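Each chain is listed here by its residues.
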Amino acid sequence: MAETDAALGYEQARDELIEVVRRLEAGGTSLEDSLALWERGEELAKVCRHWLEGARARLDSALAAREAAEGGAAADGEDRGE
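The rules we used
- Along every chain, residues carry numbers that run from 1 in the direction the sequence is written.
- For this predicted model, a pLDDT threshold of at least 70 governs which residues receive local features, and a threshold of 80 or more governs which side-chain atom pairs are given and counted, while totals over whole chains, interfaces and linings are taken from all residues.
- As a rule here, side-chain values come from all non-hydrogen atoms in the structure, and water together with hydrogens is ignored.
- Helix and strand assignments follow DSSP, with helices taken as H or I runs no shorter than four residues and strands as E runs no shorter than two, numbered in order from the N terminus.
- Each residue gets one of three labels from its accessible area relative to the maximum for its type: buried under 20%, exposed over 50%, partly exposed in between, using a 1.4 Å probe on protein chains only.
- In this description, contact between two residues means that some pair of their heavy atoms is separated by no more than 4.5 Å.
- Computed by Shrake-Rupley with a 1.4 Å probe, the accessible areas treat only the displayed protein chains as cover when residues are assessed.
- Buried Ala, Val, Leu, Ile, Met, Phe, Trp, Tyr and Cys residues form a nonpolar core when they are joined through side-chain atoms within 4.5 Å.
- Residues forming no salt bridge and having over 30% relative accessible area are the ones grouped into patches, like charges within 9 Å of each other and nonpolar side chains (Val, Leu, Ile, Met, Phe, Trp, Tyr) within 5 Å.
- For salt bridges, the criterion is a side-chain nitrogen of Lys or Arg within 4 Å of an Asp or Glu carboxyl oxygen.
- Charge assignment: positive for Lys and Arg, negative for Asp and Glu; neither His nor the chain ends contribute.
- For this purpose, a charge sits on NZ of Lys, CZ of Arg, CG of Asp or CD of Glu.
- For every residue, the predictor assigns a confidence score, pLDDT, that lies between 0 and 100.

A. Highlighting the overall build of the protein chain. When you go through the protein chain residue by residue, the secondary structure sums to three helices and zero strands. Helices (α) and strands (β) of the protein chain occur, in sequence order from the N terminus, as α-α-α. By the burial criterion, 13% of the 82 residues in the protein chain qualify as buried. Long-range contacts, defined here as pairs at least 24 residues apart, represent 74% of the contacts in the protein chain between residues at least 6 apart. For the protein chain, the accessible area works out to roughly 6,300 Å², and carbon and sulfur atoms hold 54% of it.

What follows is the structure, given as structure tokens:
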């Protein structure tokens, strides 16, 4: 992923990817332009995937922490005979 692509936010990359797909679907571009659009789309898809994987990792971490806290609270209650 290029350094400039890494600086793109998810929404920016997604919106540009939508535009790339629209242009490819519309046709009317040269083979060279179509290939350049395709390559740009692949890079943008990588940016989006990176953001989504990061979001998934954060969610998994938060859920694991919550489950650990709830499990610890249940174990504490059992220790006290509750």
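B. The nonpolar core, seen in detail. The biggest cluster of nonpolar side chains holds seven residues, and these are L8, A13, V20, L37, L44, V47 and C48. Elements supplying a minimum of two residues to this core: α2 (10-26) and α3 (31-79). Counting residues per element, this core draws most heavily on α3, which supplies four residues. Excluding residues that lie within four positions of it along the chain, L37 makes contacts with V20, R23, L24 and T29.

C. Up close: a negative patch on the surface. A cluster of acidic residues, E32, D33, E39 and E42, forms a negative patch at the surface. Residue placement: E39 occurs in helix α3. Overall, the relative accessible area of 53% leaves E39 in the exposed class.

D. Structural view of the environment of K46. Tracing the chain through its elements places K46 in helix α3. K46 sits in the partly exposed class, given a relative accessible area of 38%. Put simply, K46 and D5 are 41 residues apart on the chain and 9.0 Å apart in space, counted from C-alpha to C-alpha.

E. How the structure looks around the confidence of the model for the protein chain. Of the residues in the protein chain, 83% have a pLDDT of 70 or more, and the chain-wide mean is 89. Per-element mean pLDDT across the protein chain ranges from 66 in helix α1 (residues 3-6) up to 97 in α2.

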